[in-house]
Amino acid sequence: MKIIKTTLKIIVVLVIILVVVVAIFMSTKAKENVQADAKIEQEIDYLDTKLIDIINNLNNIKLQDYKITVAKVQEEADTSKAGEKEEKSGESEKDETDTSKEEKDVTKVEKEVIVTSGGEIPWQIIKDEVEVLFSTWSSIVLDLYELGVPSETIVEFSNTLDKVIISVKEQNKEQTAIYLAKAYSFLPEFIKNSQIDQTKKKIIETKSHVIISYAYVQTQNWDKVQGEVINAEKKYSEILNDVSKKQDSRKYNINKGSILIQELKNSLPTKEAEIYYVKYKNLLEELNTF
């Protein structure tokens with residue numbers, strides 16, 4: 001009987017140890033997954049920013065960056081003190097006005113970069129930026145493999161970067177734009193299996209269509225420009241449908257993005273690249289807030 005009790009105690013202890021070990025393992029695994037997703041999101045943000053910056057350099061387009069500053073201002077506060085004092089002589093009433101100053105914090109949003117477009121293409125800057133992107137890409141590859149991105153997709157992206165380098169070397173504006181836009185189009189595939197916010201995934205898909213439309217502007221293929229803008233509009237409508245079903249703090253920006261897509265679409269009949277660039281810049285600046 002004593003042996004049975006001892007055996008049961010040992011089994012219970014072993015079960016408790018096993019449960020604790022499994023719990024620790026699951027907790028560690030979950031933490032690793034969260035960290036991996038966060039890292040992937042940072043890497044996708046890097047590719048997003050870098051590719052857009054490079055392709056925009058083809059037309060010297062600089063998207064606005066904003067900085068928030070807190071400034072202290074002094075406000076004057078007037079305090080009136082009226083006192084009546086009756087004296088036997090019949091003289092009364094004496095007013096005293098006290099002026100004081102108090103400090104108040106004011107939040108300001110200031111533009112850091114002035115948006116410009118046109119001018120000579122800065123090929124050396126583009127070449128340097130592409131080389132930086134290429135060197136960074138090698139460290140991102142392993143994380144994408146871990147995420148389960150198909151190897152053929154990763155290889156195709158690498159091949160596209162090779163074509164970007166060649167077209168930049170040849171200073172071929174149209175081909176550079178096309179290959180950079182193609183490179184960006186891989187980003188939605190990269191994040192398909194990640195835990196990145198669904199709205200952000202659809203924003204990246206929307207941006208991909210907008211950037212492809214921008215590439216077609218370089219070749220003046222306005223039919224394809226329009227096709228891609230329509231594709232962007234369709235993808236963005238999914239975000240509008242989602243936000244209408246739930247409370248989302250980004251609702252204002254999402255609705256504004258929809259208006260800017262319409263403005264871009266409405267500018268296309270003019271077939272004027274400069275008008276397109278203005279609408280394109282406004283739209284991307286808004287989409288970049290997500």
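This text goes with the structure placed above it.
This one's a predicted model, so the numbers in the text were calculated from it and none came from an experiment.

Trainee: Tell me about helix α4 (residues 173–184), and name the residues and values.
Mentor: With twelve residues, α4 ought to run about 16 Å at 1.5 Å a step, and its terminal C-alpha atoms sit 17 Å apart, in line with that. Here α4 has its buried residues at T176, A177, L180, A181, A183 and Y184. Summarising the axial view, the buried residues of α4 lie within an arc of 155 degrees, below the 170-degree limit, and thus occupy one face. For α4, the side-chain oxygen to backbone nitrogen distance between the N-cap and E174 is 3.3 Å, and the N-cap itself is N172.

Trainee: Any details on the pattern of salt bridges? Residues and values, ideally.
Mentor: This structure, assessed with the given rule, holds 16 salt bridges. For E238, the salt bridge identified is with K235, shortest N-O distance 3.2 Å. On the criterion of helical spacing, the pair formed by E238 and K235 is a turn pair, its members being three residues apart in helix α7 (residues 222–244). E238 gets classed as partly exposed once you look at its relative accessible area, which sits at 31%. Taken together, the shared-partner salt bridges in this structure form one network comprising K202, E205, K235, E238 and D242.

Trainee: So what's going on with unusual backbone geometry? Which residues, and what values?
Mentor: Backbone geometry at N60 places phi at a positive 55 degrees, although glycine is not the residue there. With respect to the helices, strands and loops of the structure, N60 is situated in the loop between α1 (2–57) and β1 (66–83).

Trainee: Can you lay out the packing of aromatic side chains for me, pointing to particular residues and giving the numbers?
Mentor: In total, this model carries ten aromatic pairs according to the counting rule given. With a centroid separation of 4.7 Å and an interplanar angle of 20 degrees, the aromatic rings of Y214 and Y280 are classed as stacked. With a gap of 66 residues between them, Y214 in helix α6 (residues 198–218) and Y280 in helix α9 (residues 273–287) connect regions that are remote in the sequence. With respect to class, Y214 is no different from Y280; both count as buried. Measuring from ring centre to ring centre gives 6.0 Å for Y276 and Y277, while their planes differ by 75 degrees; the resulting arrangement is edge-to-face. When sorted by exposure, Y276 lands in the same class as Y277, which is buried.

Trainee: Report on the nonpolar core, specifying residues and quantitative values.
Mentor: Ranked by size, the top nonpolar core spans 64 residues in total, and within it I55, W137, F190, Y276 and Y280 carry the most contacts. Setting aside residues up to four positions removed in sequence, F190 forms contacts with I44, L47, W137, L144, L147, V149, T153 and F157.

Trainee: Outline helix α8 (residues 251–267), supporting the account with residue identities and numerical values.
Mentor: Owing to its 3.6 residues per turn, the α-helix brings residues three or four apart onto one side. Its 17 residues place the ends of α8 25 Å apart at the C-alpha level, agreeing with the 24 Å of an ideal helix rising 1.5 Å per residue. At its buried positions, α8 is contacted by α6, α7 and α9.

Trainee: So what's going on with the packing of α6 against α7? Residues and values would help.
Mentor: Between α6 and α7, the least distance of the axes is 8 Å, while the angle of their chain directions is 170 degrees. As summarised for this structure, α6 and α7 are arranged roughly antiparallel, according to the angle between their axes. Once α6 is placed against α7, the crossing between them reads as left-handed. Where α6 approaches α7, its residues T199, K202, I203, E205, T206, H209, V210, I212, S213, Y216 and V217 are matched on the opposing element by W222, K224, V225, E228, V229, N231, A232, K235, Y236, E238, I239 and D242. Across the contact of α6 with α7, the residue classes tally to eleven nonpolar, five polar and seven charged.

Trainee: Just give me the short version of the environment of P122, but keep the residues and values in it.
Mentor: Structurally, the position occupied by P122 is in the loop between β2 (94–111) and α2 (123–147). You can call P122 buried: its relative accessible area is 17%. Sequence spacing of P122 and N57 is 65 residues, and the spatial spacing of their C-alpha atoms is 7.0 Å. Residues contacting P122, with those up to four places away along its chain left out, are N57 and N60.

Rules and cut-offs
Residues numbered from 1 in each chain as written. Predicted model: local features only at pLDDT ≥ 70, side-chain atom pairs only at ≥ 80, totals over all residues. Heavy atoms only, no water. Helix = DSSP H or I, 4+ residues; strand = E, 2+ residues; numbered from the N terminus. Expected span 1.5 Å × (residues − 1). Buried < 20%, exposed > 50% of the residue type's maximum accessible area, 1.4 Å probe, protein only. Arc of directions from axis to C-beta. Polar contact = N/O pair within 3.5 Å; in protein donor to acceptor, adjacent residues only side chain to side chain. Salt bridge = Lys/Arg side-chain N within 4 Å of Asp/Glu carboxyl O. Phe/Tyr/Trp six-rings, centres within 6.5 Å; stacked < 30°, edge-to-face > 60°. Core = buried A, V, L, I, M, F, W, Y, C linked by side-chain atoms within 4.5 Å. Contact = heavy atoms within 4.5 Å. Axes fitted to C-alpha atoms, helices over the stretch in contact; angles between N-to-C directions. Parallel < 35°, antiparallel > 145°, perpendicular 65-115°, else oblique. Left-handed = near helix turned anticlockwise from the far one by under 90°. Nonpolar A, V, L, I, M, F, W, Y, C, P; charged D, E, K, R; others polar.

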